[in-house]
Amino acid sequence: MELTALKEQLTLAQVLRYYGLKPDKHLRLHCPFHEDKTPSMQVYYKTHTAYCFSSHCTTHGKAIDVIDFVMYKENCSKHEAILKCQAMIQGTIIHPPIEVLTHTAILTKMFTYFKNAVHNSKPAQDYIKGRGLDPLLLDIGYNTGQFHHGARKDEVLIKSCLQVGLLSNHDRLGRTGEISYKPFAKYGIVFALRNASNQVSGLYFRSTINEDSSKHFYLKDSEGLYPGYPDGATQRLILTEAIIDAASLLQVKEVTSQCSVLAAYGTNRLTPEHIQAITALKDLQEIIFAFDGDEAGNSAAKKYADQLKALLPGISITTLQLPSGEDVNSVAVTHDSTIFPHLLATRTDIFTDASFIFSSASMSPGGFLSSEKKDTEATTIFATTPTKALVAKLVIESSVETKKSVVKPSPLDTTNPYKIRYSSETAHYYVQGGLPKSTDSMKVMLVIESNTTALKARNKIDLYEDKPVERLCKEVAEKLSLRKDLLEADLYQLTELLDQHREQAPEERGATPQLPILTVKERQEGERFAKQPKLIKRLNELLGSAGIVGEERSRIFLLLIAISHKMPEPLHALIQGSSGSGKTRLLKQVTDCMPPESVTKLTRLSDKVLYNYPERYFMNRLLCLEDIDGLSEEAEFAFRELQSNGELNSATSIKLDNGQITSGQKTVKGPIASLACTTRGEWYEDNMSRVFLIAVDESAEQTRRIITYQNQKAAGLIDHRKEQEVKAFIQRLVRLLQPYEVINPYAGQLHLPEAAHKIRRLNDLFQHFIKMITILHQYQRKKDDRQRLITELDDVALAIHIMFESIVLKVDELDGSLRQFFEQLKTFVQQKGRSHAFTRFEIKEATGVGKTQQHHYMNQLVALEYLQQSGFANRGYTYKIVRWDNYTALKETIQRDLLHQLEALKTEHPRTPDRTPASAATAG
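Residues numbered from 1 in each chain as written. Predicted model: local features only at pLDDT ≥ 70, side-chain atom pairs only at ≥ 80, totals over all residues. Heavy atoms only, no water.

Novice: Looking at this structure, how should I read the environment of I773?
Specialist: With respect to the helices and strands, the residue I773 is situated in helix α26 (residues 759-776). Since its relative accessible area comes to 0%, I773 is described here as buried. Remark: the alpha-carbon pair of I773 and I536, spanning 237 residues in sequence, is separated by 8.7 Å. (Helix = DSSP H or I, 4+ residues; strand = E, 2+ residues; numbered from the N terminus. Buried < 20%, exposed > 50% of the residue type's maximum accessible area, 1.4 Å probe, protein only.)

Have a look at this one:
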């Protein structure tokens, strides 16, 4: 063989591999021809030559080719080196065997690599964002097709990827003179399929560049389910048509808190593994199909429903009513996440429309079969069809082919959070000291104990760093006499389990129970109540039955403001009252009627705490502050911005891995509705324009009502359990309400008093409150062709009636509690004569207000020139009323003006015959 032909056929990479030499990522290695502490030999794959830059090397000063390399390495003649090179080409020299990672180990390792690639790829991030997915909430990877380049000389990785199908061999030389490889599913986002032990046993790729054809790729010999086998305690299971649909639902806490999610692999791939996993669920009560809203999706859902009903006749099978032509992911992209709880709540029985299965005579009055009758008929009918035999055969085949075990609990023992345990057939693993809080690393103290010898190895390691993990596995394998590949597979699995455990831990402070799904009976009761006439009045009476004494107008006002947390533009209220007036109790009683999963109650706020909440924690939540008087200026500013802008953005310093300090941004998203209490209403000028002002009733009559209630409760005359039942009913009613878009055809035709404080914001609040009235009456209001609720004049009238006192407070110079005090004072002085001068002792006798609060009120009235103060501090002051405003006349004027405008609107827009008169509920 000629030298030229020999050099063309034998690559430098083959020679290096034969001698067990592996260059680093810069293609440098320790020169094998002399003692070399630092890599001094440079490898050039394009020319298949190498050059040593060390002056101590025998080859220094010349580039050596493959023949020279063998000659120097074997310390032989050039002729002998040529013969050895020929033997390498002809295959008479046996190369050292290349070990291959196990199927699970290589898939776990590569999925970790794909997940890390998402953060470095803008196209991947754009595609994932465009599909409405969040890589921070989901395990999503991205295949750039470059994973084998950086590890070109890692024969173990390449051969392992070839074996599982991530690479295919082109059998031709690339630019480096080596064999080139074609990556599988290049430019696709990646999802992991997991087996019953929660190990990565398959990969699914979704192309980001092809939307017409060849967009779904499953790795060969893939097994497992997405996102994994359902939990053994699952009662409700949602079955989606595609993996991306399942990923969309996994982001909705209101769904995952009550249902497990499982993805089918298209309309024709509900595999035996799916069947066995579903039938193994001992507590399963319902399967909910969330297939595409097209003919193929509906047909597939019916087909699989038949099969599953034959195997599990005792469960109910329902379906989500997706819009025609839409799938779960497209709905998630175009709608708010609250659409899914609504779709769940309105799901229908999948067999209801199947007249060939259930006759109309067997239907219950409500349109559904009774559970007992349904199960009996279904069992009888399906037993006579070939479907049951087909599915039984499918299950038998699945048990033979896949031999999957019943769902197992997580192998991670987290009983002691400071000593987390994990065991495999290879070793025992202990994570000492707990997990780091930061999600960008997994730095742990890891103890590895051999199963056979009980020897231990202790190391601090960041499990997110692949290279250090590989080095650790090599060192531990040598020390404990274990297999390196098995250790790597265990550590990759341990990392996945620790990731899941950390995500499942309650990161959000004050974590509350998730939204429960209403039963059919609860929905029917709520809808029946919501369709009744005089809804506001009936709801107000319920609030009274729940223990809210008096405050008839304020309590329904506050409840509507609290319900607005579900809306895109929620409302806010500031409850004013003197110390001990019951403002905090009123707030607590109203919030007790809200679903607890949507409420955050706080007593105080530190300066920057609102900036440090998780990004989505406050989205559509009700935030309640029991007393804002103690807030610092910084905390008050953050609270105000969250109210107005619905978002907090703060610039922070971030420390990079290399130690460099750089800038970053932290965002906390709203919107929020808020309720807060204060005794110092006049202090919050900026806040007042953003909120509705509600003054606590401090009259003697209200005091008598509260005392009577307290006495009756102490005597056992009031049933506390009934109050709780009423609150629970109101909570269910709130969950039932959906955040529809509202249009008000009367907006702009009714004008508020121009003397009102900051009329621009007040008008905006007024319009939003009218929308809330309409939302409450959503079961009684018409919708336009875009499914928007249409406001009626009754809604406008109710809004004016309920928020009338708040409108007056906006016009009045005095805040609510101060106005009540001044009115009491005027009544007392008028009895004595308008010119009567009085002391503070007389004031206390007349109003019953304590010394501290009285001092505060009197100073305010003097400052506003309502009172004239005379005398000296050491002899006592006397006071006279110098400004006798007519508050009653002001209220009557405003009320008369608003009523005249309403009457004009009613004349201009007479009630149409098809509009239900009963819907014109009054709050009285």
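Novice: Would you explain the pattern of salt bridges in this entry?
Specialist: Oppositely charged side chains can form a pair if their charged atoms are brought close together. Scanning the entire structure with this criterion turns up 29 salt bridges. Here R347 ties to E286 by a salt bridge, and the two come within 2.7 Å at their closest N and O atoms. Separated by 61 residues along the polypeptide, R347 in the loop between α13 (339-345) and β14 (348-349) and E286 in strand β12 (residues 286-290) bring together distant segments of the chain. Accessibility classification places R347 together with E286 in one group, the buried group. Close ionic contact of E701 with R704 constitutes a salt bridge, the shortest N to O distance being 3.9 Å. Taken together, the residues E701 and R704, both in helix α24 (residues 700-714) and three residues apart, mark about one turn of the helix. Using a relative accessible area of 44% as the deciding quantity, one classes E701 as partly exposed. (Salt bridge = Lys/Arg side-chain N within 4 Å of Asp/Glu carboxyl O.)

Novice: Would you mind going over helix α27 (residues 793-802) with me for this structure?
Specialist: An α-helical turn contains 3.6 residues, so any two residues separated by three or four positions project in the same direction. Here α27 lies mainly inside the structure; eight of its 10 residues are buried. Those residues of α27 that fall on the buried side of the exposure criterion are L793, D794, D795, V796, L798, A799, I800 and I802.

Novice: Explain the sheet that holds strand β8 (residues 200-207) here, please?
Specialist: Two pairing modes exist for strands in a sheet, parallel and antiparallel, and in both the strands are linked by backbone hydrogen bonds. Here we have four strands laid out as an open sheet, ordered β4-β7-β8-β9, and antiparallel in their pairing. With one partner strand each, in any of the chains shown, β4 (141-143) and β9 (216-218) form the two edges of the open sheet. Mean inter-strand twist for the sheet, computed between neighbouring axes without regard to direction, equals 35 degrees. Bridge count for strand β7 (residues 188-194) against β8 is seven bridges, and the pairing is antiparallel. Residue pairing in the sheet places R194 in a bridge with V200 of β8. Lying on the sheet, helix α8 (residues 243-250) is in contact with β7, β8 and β9; it crosses β7 at an angle near 80 degrees. (Pairing = 2+ DSSP bridges. Axes fitted to C-alpha atoms, helices over the stretch in contact; angles between N-to-C directions. Contact = heavy atoms within 4.5 Å.)

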